[in-house]
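Geometric and topological summary
Okay, here's what each chain looks like letter by letter:
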Amino acid sequence: MLTETQLLPDGYVSTQSLGELNDSIHLVKTVFESNLARRLNLKRVSSPLFLESGTGVNDQLNGIEAPVSFQPSHIDSEKLEIVHSLAKWKRTALAMYEMAPGSGLVTDMKAIRKDEEVGPIHSIYVDQWDWEQVIDKHDRHTNTLRDTVRIIYACIKDTEAHINREYPALHNKLPEHITFITSQELEDRYPNASPKQREDLIAEQFKAVFIEQIGGSLRSGMKHDGRSPDYDDWQLNGDIILWNPVLQSAFEVSSMGIRVDEEALLRQLKLAGNMERVQLDFHRSILERRLPYSIGGGIGQSRLCMFLLEKAHIGEIQHSVWPKQMRALCESRNVRLL
């Protein structure tokens, strides 16, 4: 399997000046967010950069990544944490804004993930559209999930068409439809491959896939990927994976899913060995049915721009900090980091 450093292509040449790149990034973000908000009936809201520690609202990711935290000097709070994502906060915001079923919110999420292993597609700085939509309990099923995935994919396709009209040097990279496959079906298809290799193989074949049911153990005893047990329902979630022709690899642009109800939360906390979380405010709100049922996810802003604008490194899209060795390698391969 290729390391992220090996993903950098030889002979890479950017098709845009820095000024053109800045304009095209703005255009991608404007067009995509407008389409997403319209098609999913989302209201744009403001969102926090940090949260109080100990409430259970911050995203625990895989459970081993530590948030960046600090003690405010003039606020009566024990400790604040920079968000990892807004996966849980959004559900509380739906209740705060009294959103009705079929409506929701979208926000700019800015996060720091200090334990991220950086590379061409990973940065310690994370920017994404975090969105959440209220659904009825009886809509917690696969058809709802897949219909929503198709809407998001259509937004990506529309944005690709728009940006390619403005910048004719860019190419059409996406198929007409997105393909659905569960993580177990993927393991059955490629039993001797690693999860990352399976993603590469299926993405190269179909160009756009949604891998469903991520978080639980497969029949092999392994997981396709880790997921926190307290926001996505592991039976009703997944990742949108595109084939990236610049990097010649699978390329995740979104993780999303129908959120846990009270039964799924208890089941997954037990499987993950995290039953102590039932005492936290967020988890009690779910168990006591004080939060709406919902579907939601994150869509990487820099990731989507990187894909549509055919860049080799996420550092061409966003400002971040990179190891000196990586900067030198990028310079040697004609990759200009911001």
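As recorded in an unreviewed UniProt entry, the chain goes by the name Aspartate--ammonia ligase, listed as coming from Paenibacillus cellulosilyticus. One UniProt comment on the chain, placed under Catalytic activity (unreviewed entry), says "L-aspartate + NH4(+) + ATP = L-asparagine + AMP + diphosphate + H(+)". Check the Pathway (unreviewed entry) section of the UniProt entry for the chain; it says "Amino-acid biosynthesis; L-asparagine biosynthesis; L-asparagine from L-aspartate (ammonia route): step 1/1."

Before going further, it helps to spend a moment on the packing of helix α1 (residues 18-40) against helix α8 (residues 301-308). Put simply, α1 and α8 touch, their axes get as near as 10 Å, and they point 115 degrees apart. On the basis of their axis angle, the class for α1 and α8 is roughly perpendicular. For the pair α1 and α8, the sense of crossing is right-handed. The segment α1 lies against α8, with I25, V28, K29 and F32 engaging Q301, L304, C305 and L308. A per-class count over the contact of α1 with α8 returns 6 nonpolar, 1 polar and 1 charged.

Before going further, it helps to examine the nonpolar core. Core analysis: the largest hydrophobic core is formed by 57 residues, its most contacted members being L36, W131, I152, I240, M256 and L309. No other element matches the 9 residues that α1 contributes to this core. Membership of the second largest hydrophobic core comes to 22 residues, among which are L51, A93, M99 and V260.

Calculation rules
Residues numbered from 1 in each chain as written. Predicted model: local features only at pLDDT ≥ 70, side-chain atom pairs only at ≥ 80, totals over all residues. Heavy atoms only, no water. UniProt positions renumbered as here; feature names shortened; annotations may be inferred. Axes fitted to C-alpha atoms, helices over the stretch in contact; angles between N-to-C directions. Helix = DSSP H or I, 4+ residues; strand = E, 2+ residues; numbered from the N terminus. Parallel < 35°, antiparallel > 145°, perpendicular 65-115°, else oblique. Left-handed = near helix turned anticlockwise from the far one by under 90°. Contact = heavy atoms within 4.5 Å. Nonpolar A, V, L, I, M, F, W, Y, C, P; charged D, E, K, R; others polar. Core = buried A, V, L, I, M, F, W, Y, C linked by side-chain atoms within 4.5 Å. Buried < 20%, exposed > 50% of the residue type's maximum accessible area, 1.4 Å probe, protein only.

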